[in-house]
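Residue-level structure breakdown
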Amino acid sequence: MTYRYLEAAAARTLIVGEIPQDMKDLFGFTPGVHVPSEKAGEHLREIASKLPEYQDLVDKVHHRLHEVATWDVRTKEIFGTISGERETPS
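Scope of this entry: the structure provided in the associated data block. Since the structure is predicted, the reported quantities are computational estimates derived from the model, not experimental observations. (Residues numbered from 1 in each chain as written. Predicted model: local features only at pLDDT ≥ 70, side-chain atom pairs only at ≥ 80, totals over all residues. Heavy atoms only, no water.)

Here we look at a nonpolar patch on the surface
- A grouping of Ile78, Phe79 and Ile82 is seen on the molecular surface, where their side chains present a nonpolar patch of about 360 Å² in accessible area.
- Along the polypeptide, Ile82 turns up in helix 5 (residues 71–83). (Patch = residues over 30% accessible without salt bridge, like charges linked within 9 Å, V, L, I, M, F, W, Y side chains within 5 Å. Areas by Shrake-Rupley, 256 points an atom, 1.4 Å probe, with all protein chains shown as cover. Salt bridge = Lys/Arg side-chain N within 4 Å of Asp/Glu carboxyl O. Helix = DSSP H or I, 4+ residues; strand = E, 2+ residues; numbered from the N terminus.)

Here is the structure:
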């Protein structure tokens, strides 16, 4: 997962395309819409025509980002790992 995926979640942007497995693992669900490269234009037009239907997913991803991927959460996990008291994301 690249940083741009987290930026998209933080900006409340619908993530489309290939959703990396490590992002699915971190969030605990698929935090975007898979759009295969073949016929991508058709898929994107369809998604754009019904964007309001994806608002709940966008909100869920943004909320989950704050639970598992902010620097506050990540530094606590790092220090917990170092001290042997690692917390798992909720």
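Remarks on the packing of aromatic side chains
- Tallying each qualifying case throughout the model produces one aromatic pair.
- Here the aromatic rings of Phe27 and Phe29 are separated by 6.1 Å at their centres, their planes lie at 90°, and the arrangement is edge-to-face.
- Note that Lys60 overlies the ring of Phe29, its terminal NZ or CZ placed 4.2 Å from the centroid.
- In this arrangement the basic side chain of Arg74 is found over the ring face of Trp71, its NZ or CZ atom lying 4.2 Å from the centre. (Phe/Tyr/Trp six-rings, centres within 6.5 Å; stacked < 30°, edge-to-face > 60°. Lys NZ or Arg CZ within 6 Å of the ring centre and 35° of its normal.)

Observations concerning the nonpolar core
- With 20 residues, the main nonpolar core has Leu14, Ile15, Phe27, Val33 and Val61 as its most contacted residues.
- Those elements that provide at least two residues to this core are helix 1 (3–10), helix 2 (21–27) and helix 4 (55–68).
- Residue contributions to this core peak at five residues, all from helix 4.
- Setting aside residues no more than four positions away along its own chain, Ile15 makes contact with Tyr5, Ala8, Ala9, Met23, Pro31, Gly32, Val33 and Val61. (Core = buried A, V, L, I, M, F, W, Y, C linked by side-chain atoms within 4.5 Å. Buried < 20%, exposed > 50% of the residue type's maximum accessible area, 1.4 Å probe, protein only. Contact = heavy atoms within 4.5 Å.)

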